[in-house]
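Here's the letter readout for the chains.
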Amino acid sequence: MSCRCIDTALSISFEKLGRLIGQYPGYFVIVPILLAALLATGLQRLHYEDDPEYLFSPSDGRSKTERAIIDDYFPMNYSSNFNLGRITHKGRFGRIIVVAKDDSNILRRQIWDEIMQLDQSIRNMSIEWDDTQWTYDDLCAKHEFKCWHNDILDFDNRITEIEEKKFFLKYPIWINHNIYKAYFFPAYMGGVKEDANNLVESAKAIHLMYFLDTTIKKGDIRGHLWEQAFMKHIANTKFKSISVARFVSTTLQTELEANTHSLVPFFSITIIIMLIFSVGTCMMADWVLSKPWLGLLGCVSAGFAVAAAFGLCVYCGIEMIGINLAAPFLMLGVGMDDAFVLLAAWRRTNPLMTVSERLGHTYSEAAVSITITSVTNFISFMIGTITPFPSVRIFCIYTAVAVLFTYIYHITFFGGCMAFFGHAERRNLHGLLCIPVMPKSLAEGKGYFFRMLCTGGKNPADPNNPKDNKEHIMMIFFRDVLANALNRTPIKLLVIFVFFIYLSIGIYGCTMVKEGLDRRKLSRDDSYSVQFYDYEDRYFREYPYRIQVVVNETLNYADPEVQKKIESMLEKFEESPFVADKILTESWLRAYQTFLNQEDSFLFLQALNISDQLDFNRGLRDIFLHFPLTEAFRNDIVFNDDGSEIIATRYIIQTKNIMDANMEKEMLIGLRHIADSFPTPVTIFHQYFIFFDQFVLVRSISIQTISVAAAVMMVISLIFIPSPSCAIWVAFSIISIEIGVIGYMTLWNVNLDSISMINLIMCIGFSVDFSAHISYAYISANEIDPKEKVRSALYSLGLPIFQGSVSTVLGIIALAFAPSYVFVTFFKTVFLVMLFGATHGVLLLPVLLSITDLCCSSSSQSAKYKSSNLGDQNNPPFFVGDKHFDGKTIMQNGAPIFIPRPTFTELAADQKVPYRRSDEDCATTSKSSASSDGSVVAEKDLGLGTSAEECSEGSWKGSKSQTNNVVTKQSDINHMTDNNISTNAYANMLRDWSQVSAKQYSNNGHTNDGYISDSTDFYGHYSSKNKQNQSKGMTTGQHRISVYHQIADATHTDRNVWERQSAPSAPSTSKNKKTDKNKDKSENSYLVEVDATHRHREKDRDDQRHRDRERHRILNNNIEVMSSRIDRNIANRYNGFRPQ
C-alpha cells in the first residue's frame, strides 16, 4: 500500500507542478537560465588534477603505508646516497631506450658510438634558470657525492672486444674484482641472448636513465625545466643507426592532459549528431504536432544542467579531472531520455484540453518514469563515491550532481518550453516556423509539397477526422509489429533461446577478465610514450622489478635462531615463481656471515666476540660496512642511537618473467602473502606497487560496489513498481546486463580497472531505467490479457526506450574515435550497457512478464468468470464489480462486457441534454418523446444505456421482452445491415449511471462514464459538424452501425451479468408498452451507414481505437470516485431512493 501511495503521490504532485508550469511557463524558463549562468562562474576557479598516482591508485592502498614505513626507516638522500634499486618515489628523471634500426645486436661499435654521442649531448644540454645555465652535472642525483651515471657505459672501451668475442660479460650480474664493483645488467640491457655459460652473446636494447636531485632548494622546479628540455632534445635529435624512445616523470600527467584536449574537436561533432537525432525523432508528418525546437531545447537543457553542476562542484572545492569531460557526452544522452519520455506522454494527452491541463497530465504520467531514471542514476553514481579510487570518486561526484541538475532542468526549463510550444500547437501553428497551417483534411486539393511541408493540426469543424489524428509511426510499430511478434509463441521461444546464447557468452567472458589499468593505456594512442612502453615490455620483462623487503622490528641478529629465521624468510621469497635465484638477492646478513666464515676475517675481528650482540653490531658497523663491495648495504641497516641494537633491516629480491598486469597482480598478492606469514612484521615495496594496488583491489571493490548498487536499485524498483514478480525480473535483468557487459567488454579487450568500474556502476542505473520503465508500464496497463499488456507497454515506452538508448550512444559515439584507451573504454562499456539494457527492456522483459502473467493467472482466470460473480438473485438489479476501460472493451471482474455502441439519430437544432432530476420528470418526458419521430428529445439519455425508455425500471423491463441480438463480430454487422435489424435488448442498462456522472462531470452536453459515443466530441458534446447541419434546418439523417472492438463472441453469461436479478417492477399500461416498443424501434435501429465520413471511420477502426484510448485517459483519474458513487446510487435506486 505504501508503494502505491508513493506512486500516487508522485503523480499528483507532478500533475500540480505541470499545471503550474503550464500557467506560468516564463518563470520556469528564465530562472533556470539565470541559475546556470550564476553557478557556471565557478568554472573560473577550476583546479585541474592530473597526478596519475593520486588519481588511479587507491587512497587507502597498502603500498602507501608500506612506502611510509620505508621512508621512515630508510630515507633516501638524492644528494649523497642515491641508489636505483632502493628508490621509493619517482622524483625527476629522464629515461631513454635505444634500439638498432635494423633490430640487430646493439653491442656493436657503430651503434655504440651513437649511443655515447647521445649520452654526451644529454649531459651537455643546459637550461636557463635565474639567469644561470644549469647542466645535468649540476642537477643530477648523487651517489657517494658523485653524479650518478649509467654503469653500462663503462664498457665503452671494451665494446670492440665484446663485438669480436674477445671479452665476455656474465649475465645477469658481473663483478669486476679489479675495482670491486658489481654490474647488474638487466637494468641496462634488454633482449639479451646468452650462451650455455650465461655469457652475453647479443642484446637488442640499451636503457639509459638520468635522475635529478629534487631534495635541494628549488630542485623540483629546475628538474621540471630540465625534463622539458630533455624531451625536446631527444625529439629533435636524429641518428643514422639507432631509434630512441623517451620518457620523463611528467609523461603520464601530460598524456592525461593530452587525452582531455583530444576530446575538444569532438564536442562540436557530438552536438551536431545529437541535434540531428533529437530534432529528427521529434518530427512527425503533422507539422503542428512536430516538435523540432523541443528536440533542440532538450540538448540545451542538458548543457545548462552540466554547466551549473560543474560550477557548483568547483565552488565546493572538488578537483577537476580529465575523464570528467565524458560527463557532458553522457548527460546529453541521459537528458534527452527524459525529454523523450515527456514528449511521448504529451502526445498521449487529449489535444482538446488546455495547455496547463495537458502539461499536468503529461507530468502525472511521466512522473514515475523520469523519477526512476534520475533517482537510479543519481544513487548509482553516489554509491560510486565510496570507492577508494579518487578518479572514480571525483567522476561520480560530478556526474551525480549533473544527473540531479539534468532532472531538475528537464522538469522546469524543458517543461516551460513544452508549454510555449503547446500553445503554438493549440493555435495550429507550424512546429518549425510558428505560422498558421492548414489541416491535412482540408488540404487534399493542394500540391504535394504544400501537403508535405505546410499542413497539420486539426480541423475545428471536424476535430476527430482520422486524417488529422494520425499516430506516431514508431509508436504504431512497437504496438502493432514488435508487440504482436513477441506475443507469438515461436518468437518467445526464439527470444529466450537467443538470450541463453547471449548469457553463455557473457559468462565465458567473465571467466577471462583481466584486471588493472596499464600505464600505457593512460597515454594517447599516438603518444611518444607508447613506443617507450612497447620497448620496455618487449625487452625488459625478464628481470623487471627490484623488491625491497624490510623487517621493521628490533632483533638480536647475533642470535643464530634469528639468523635462521631471516634466512628462512629470504628462501621462502626466493622459492616464489615470481622471484629469481638467490644470486640476485642482496642480503647484508648473508654477506656478513660469509665474511665471518672466511679464514682471514679473524685479522679484523680478533678482539670481538661475534656471538655477543654488541660485538656483532660493532664488527658490522665499524668493519664490514667499510669495504668497497659492501657500500650498498650501508643504507640497509638502521641502528638505534647508541648503536647497540638493530631496529630495522632491508633486503632486496629480484622478480623475473612478469609479463603483464595479471602477473603483476598475482606477484604482489603472492609476495604479500609470504610477508604476512612471518610472526615478525615484514614489509615489501616497489615504487610501482602504488599502481599495482588497483590490480588487487579493483575486483573486490567492483563486486562490492556493484552489489550494493544493485541491491539499492532493487529496493527502489520495488518501491516504484509494487509487484514482486516485476521486482524479481528487474533484479534478474540487472544481473544479466552486468554479466553481459563484463563478459563482452573482456572479449572486446577492455580490462577491469578504475575506468571500466565507473561504467559498471553507471550500468546499474541504466539497466534499471529500461527494465523498470517497461515493467511499470506493463503492470500499469488496464488490459487483462497479457498480450494486450505487452502491446500497451511497448506502445507507451517502446519509443522512449529506443530514443533514450540511441541518443545516449550517439552522445558518446565521438569517444570511439578519440585516440585514448580511457575514452574508448567509456564508449565500449556505455554502448554495451545501452545495447543490452534496451534489448532486455523491449524484447526479453515483455516475453518474461507475459509468460509469468499467463502462468500465474491461468488457474485463477476461470474462477473469475464463474457465475458466482453474478451474485444472489435477491441482490440489487446490477452486479457492479471492479470496472475499467481500455478504450476497446468494458471489463468487469476480468470478463468482457459486450455493449452495443450508442447510435446517432436525428438531432434537432439547438437542443441540449439537461440532467434528469426525478423519475416523475422522466415519465412526463416519455410521453412527449413517444410521438416524436423526427427529432431527438433533449432529455433523452444518449449514454451507454441509450434506449427509448426514459426510466431505468422501464428500460430493464423492456429489455426482458427483447431478443438478445448482440453485435460481436463483423459478420453480425453485415447481417444486421442486410436485414435492417433494429433490436437492442441491453440498451438501457446504465442510464442512471450516465445520469449520475453527467451531473458531476458535464455542465451541458452528454457524457458517458468510461465510454463515449461517436455522435459526440471528446467530452460527449455534439460535434460541430452536426450543429452546423442543425443550424441549416437540416436533419442529419446519419445512419450508423455501432461495432465492438472486441472480436470474440459474447456468451450468454457475459450478457446476463448486466440483467436485473431482482423481481420485475409494476406492469406498465398497454399504452406505455406500445410507446416503449415504438421508441425502442426508433432509437435503437442499426441501419446502413450512408455518410461518407462514417464509412471512412469504419474502414479505419485502428484510428478509432486510439481515440477511445485517449478518451479513457481523461476519465481514468476519476474512475474510482465515479465507481463508488455509481454503486451507491444504483443500490439506493433499487431500494426506492433517488440518485444523490
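Definitions and cut-offs
- Residues numbered from 1 in each chain as written.
- Predicted model: local features only at pLDDT ≥ 70, side-chain atom pairs only at ≥ 80, totals over all residues.
- Heavy atoms only, no water.
- Helix = DSSP H or I, 4+ residues; strand = E, 2+ residues; numbered from the N terminus.
- Buried < 20%, exposed > 50% of the residue type's maximum accessible area, 1.4 Å probe, protein only.
- Contact = heavy atoms within 4.5 Å.
- Areas by Shrake-Rupley, 256 points an atom, 1.4 Å probe, with all protein chains shown as cover.
- Core = buried A, V, L, I, M, F, W, Y, C linked by side-chain atoms within 4.5 Å.
- Polar contact = N/O pair within 3.5 Å; in protein donor to acceptor, adjacent residues only side chain to side chain.
- Pairing = 2+ DSSP bridges.
- Axes fitted to C-alpha atoms, helices over the stretch in contact; angles between N-to-C directions.
- Phe/Tyr/Trp six-rings, centres within 6.5 Å; stacked < 30°, edge-to-face > 60°.
- Lys NZ or Arg CZ within 6 Å of the ring centre and 35° of its normal.
- Disulfide = S-S within 2.5 Å.
- Salt bridge = Lys/Arg side-chain N within 4 Å of Asp/Glu carboxyl O.
- Parallel < 35°, antiparallel > 145°, perpendicular 65-115°, else oblique.
- Left-handed = near helix turned anticlockwise from the far one by under 90°.
- Nonpolar A, V, L, I, M, F, W, Y, C, P; charged D, E, K, R; others polar.
- pLDDT = per-residue confidence, 0-100.
- Patch = residues over 30% accessible without salt bridge, like charges linked within 9 Å, V, L, I, M, F, W, Y side chains within 5 Å.

A.B. asks: Teacher, can you tell me more about the overall build of the chain here?
C.D. replies: The number of helices and strands found in the chain is 38 helices and 19 strands. In the chain, which comprises 1140 residues, the proportion classed as buried is 57%. At a minimum sequence separation of 6, the contacts of the chain that also span at least 24 residues come to 78%. Carbon and sulfur atoms make up 58% of the accessible area of the chain, which amounts to about 47,300 Å² in all.

A.B. asks: How do you make sense of unusual backbone geometry when you look at a structure like this?
C.D. replies: Trans peptide bonds make up the majority, and among non-glycine residues the majority have a negative phi. Pro172 follows Tyr171 through a cis peptide bond whose omega is 15°. Relative to the assigned elements, Pro172 resides in the loop between α7 (159-163) and β6 (173-176). In this structure, Asn657 takes a positive phi of about 50° despite not being glycine. Turning to its location among the elements, Asn657 is positioned in the loop between β15 (646-654) and α23 (661-676). Given the relative accessible area of 38%, Asn657 is considered partly exposed.

A.B. asks: Hey, could you run me through the nonpolar core in this one?
C.D. replies: Proteins that are soluble and globular tend to have nonpolar side chains buried together. Residues Ile96, Ile152, Trp226 and Phe230 are the most contacted members of the largest nonpolar core, which totals 224 residues. Apart from residues lying up to four places away in sequence, Phe230 is in contact with Gly94, Arg95, Ile96, Ile122, Met125, Tyr210, Arg246, Phe247 and Val248. Counting 45 residues, the second-largest nonpolar core is a separate cluster that includes Val551, Leu589, Leu605 and Leu625.

A.B. asks: Which parts of the structure should I look at to understand the side chain of Gln654?
C.D. replies: Positionally, Gln654 belongs in strand β15. We classify Gln654 as buried; its relative accessible area is 1%. Of note is the side chain of Gln654, whose polar atom sits 3.2 Å from the backbone oxygen of Tyr545.

A.B. asks: Any chance you could explain the sheet that holds β15 here in plain terms?
C.D. replies: For sheets, the rule is that strands pair by backbone hydrogen bonds, running either parallel or antiparallel. The 4 strands lie next to each other as β14-β15-β13-β16, forming an open sheet whose pairing is antiparallel. The outermost strands of the open sheet, each flanked by one partner alone, are β14 (637-639) and β16 (682-685). Across this sheet, the average inter-strand angle for adjacent strands is 15°, counted without regard to direction. Where strand β13 (residues 546-551) lies against β15, 6 bridges are found, and the strand directions are antiparallel. Bridge pairing in β15 links Val551 to Thr649. Most of the contacts of helix α20 (residues 588-597) go to β15, to which it runs at about 100°, and overall it touches β14 and β15.

A.B. asks: Where do I start with the sheet that holds strand β11 (residues 205-212) in this structure?
C.D. replies: One open sheet accounts for 4 strands, arranged β8-β11-β1-β12; its pairing is antiparallel. At either margin of the open sheet sits one strand with a lone partner, and together these are β8 (189-190) and β12 (242-248). Sheet topology places strand β1 (residues 92-100) next to β12; 7 bridges connect them, and they run antiparallel. For Arg95, the partnering residue across the bridge sits in β12 and is Phe247. The strands touched by helix α18 (residues 528-539) within the sheet are β1, β8, β11 and β12, with β12 carrying the most contacts at an inclination of about 105°.

A.B. asks: Could you clarify how one ought to interpret the side chain of Thr385 in this entry?
C.D. replies: The residue Thr385 is located in the loop between α12 (355-384) and α13 (390-411) in this model. Here the side chain of Thr385 touches Met382 through a polar contact of 2.4 Å, landing on its backbone oxygen. The residues contacting Thr385, other than those within four sequence positions of it, are Arg393, Cys396 and Ile397.

A.B. asks: Explain the packing of aromatic side chains to me, please; I cannot follow it from the model alone.
C.D. replies: The geometry of an aromatic ring pair is captured by the separation of the ring centres together with the interplanar angle, meaning the angle of the planes. Counted according to the given criterion, the structure contains 55 aromatic pairs. The ring of Trp346 carries the charged tip of Arg358 above its face, separated from the ring centre by 4.0 Å. The residue whose ring lies beneath Arg546 is Phe184, and the NZ or CZ to ring-centre distance is 4.8 Å.

A.B. asks: Can you walk me through the state of the cysteines in this structure?
C.D. replies: Working definition of a disulfide: a covalent bond connecting the sulfur atoms of two cysteines. The tally for this structure, following the rule as stated, stands at 1 disulfide. Distance from the sulfur of Cys316, which forms no disulfide, to the nearest cysteine sulfur (Cys313) is 6.4 Å. Residue Cys316 is classed as exposed on the basis of its relative accessible area of 56%.

A.B. asks: Could you clarify how one ought to interpret the pairing of β1 in this entry?
C.D. replies: Sheet faces and side chains relate simply in a regular strand, where the side chains alternate between the two faces. Of all 9 residues that make up β1, 9 are buried, and the element is covered over most of its length. Burial of the side chains of β1 extends over both faces: Arg92, Gly94, Ile96, Val98 and Ala100 are buried on one face and Phe93, Arg95, Ile97 and Val99 on the other. The sheet contact formed by β1 and β11 spans 8 bridges and is antiparallel. Residue pairing in the sheet places Phe93 in a bridge with Phe211 of β11.

A.B. asks: Help me understand the pattern of salt bridges in this model?
C.D. replies: If charged atoms from side chains of opposite charge come close, those side chains can pair. Under the definition given, this model contains 36 salt bridges. Between Asp156 and Arg109 there is a salt bridge, with the nearest N and O atoms lying 3.3 Å from each other. Residue Asp156 is located in the loop between β5 (146-147) and α7, and its partner Arg109 is located in helix α5 (residues 109-124); the two are separated by 47 residues in the primary sequence. Note on Asp156: relative accessible area 25%, which makes it partly exposed. A relative accessible area of 24% means that Arg109 is categorised as partly exposed. Its salt-bridge partner being Glu164, residue Lys166 comes within 3.3 Å of it at the nearest N-O pair. When its relative accessible area of 59% is taken as the criterion, Lys166 is described as exposed. Counted as one network, the salt bridges with shared partners bring together Arg62, Glu66, Arg672, Asp676 and Asp693.

A.B. asks: Help me understand the packing of helix α11 (residues 326-347) against helix α27 (residues 786-812) in this model?
C.D. replies: The relative placement of two packed helices comes down to the angle between their axes together with the axis-to-axis distance. Axis separation between α11 and α27 bottoms out at 8 Å; the angle between their running directions is 160°. The angle between α11 and α27 falls in the class roughly antiparallel. Between α11 and α27 lies a crossing whose hand is right-handed. Contact residues: α11 offers Phe329, Leu330, Gly333, Val334, Met336, Asp337, Phe340, Val341 and Ala344, while α27 offers Ser796, Pro800, Gln803, Gly804, Ser807, Thr808, Gly811 and Ile812. Residues of the contact of α11 with α27, tallied by class, amount to 9 nonpolar, 7 polar and 1 charged.

A.B. asks: So what exactly am I meant to see when it comes to the packing of α12 against helix α24 (residues 689-720) here?
C.D. replies: Taken N-terminus to C-terminus, the directions of α12 and α24 make an angle of 160°; their axes are 10 Å apart at the nearest point. Overall, the two elements α12 and α24 adopt an arrangement that is roughly antiparallel. Along this stretch, α12 crosses α24, giving a crossing that reads as right-handed. Along the contact surface, α12 presents Val368, Thr371, Ile372, Val375, Thr376, Ile379, Ser380, Ile383 and Gly384, while α24 presents Thr705, Val708, Ala709, Val712, Met713, Ile716 and Phe720. Considering only residue class, the contact of α12 with α24 consists of 11 nonpolar, 5 polar and no charged.

A.B. asks: Sorry if this is basic, but what is going on with the environment of Tyr744 here?
C.D. replies: Mapping Tyr744 onto the fold places it in helix α25 (residues 724-747). Each C-alpha atom of the pair Tyr744 and Ile505 lies 7.6 Å from the other, and the pair is 239 residues apart in sequence. Aside from chain neighbours lying at most four places away, what touches Tyr744 is Ile501, Tyr502, Ile505, Gly506, Leu832 and Phe836.

A.B. asks: Before we go on, may I ask you to explain the confidence of the model for the chain in this structure?
C.D. replies: Fine structural detail should not be taken from predicted coordinates in areas where pLDDT scores are low. On average, the chain scores 75 in pLDDT, and the residues at 70 or more come to 74%. Under a pLDDT of 50 for its full length, residues 861-1099 has, in the predicted model, 431 contacts with residues more than four places off or in other chains.

A.B. asks: Is there a simple way to think about the environment of His89 in this case?
C.D. replies: The residue His89 is located in the loop between α4 (62-73) and β1 in this model. Put simply, His89 and Arg67 are 22 residues apart on the chain and 8.7 Å apart in space, counted from C-alpha to C-alpha. Dropping the residues within four chain positions of it, His89 is found in contact with Arg67, Asp71, Tyr78 and Gln687. A distance of 2.8 Å separates a polar atom in the side chain of His89 from a polar atom in the side chain of Asp71.

A.B. asks: I tried to follow the pairing of β16 on my own but got confused; where do I start?
C.D. replies: Of the two faces of β16, the one lined by Val682 and Ile684 and the one lined by Thr683 and Phe685 are each fully buried. Sheet topology note: the β13/β16 ladder contains 4 bridges and is antiparallel. Within β16, the position partnered with Val551 by the bridge is Val682.

A.B. asks: Looking at this model, I keep getting lost on a nonpolar patch on the surface. Mind explaining?
C.D. replies: On the surface, a cluster of nonpolar side chains totalling about 750 Å² of accessible area is made up of Leu494, Phe497, Val498, Ile501, Ile505, Tyr508, Met512 and Leu747. Per element, the largest residue contribution to the nonpolar patch is 6 residues, and it comes from helix α17 (residues 489-510). Residue class for Ile501 comes out partly exposed when judged on its relative accessible area of 40%.

A.B. asks: How should the environment of Gly18 be read in this particular structure?
C.D. replies: Mapped onto the elements, Gly18 comes out in helix α1 (residues 2-23). On the basis of relative accessibility, which here comes to 0%, the residue Gly18 falls in the buried class. Separated by 393 residues in the primary sequence, Gly18 and Ile411 have C-alpha atoms spaced 8.4 Å apart. Beyond its immediate sequence surroundings of up to four residues, Gly18 is in contact with Ser356, Leu359, Gly360 and Tyr363.

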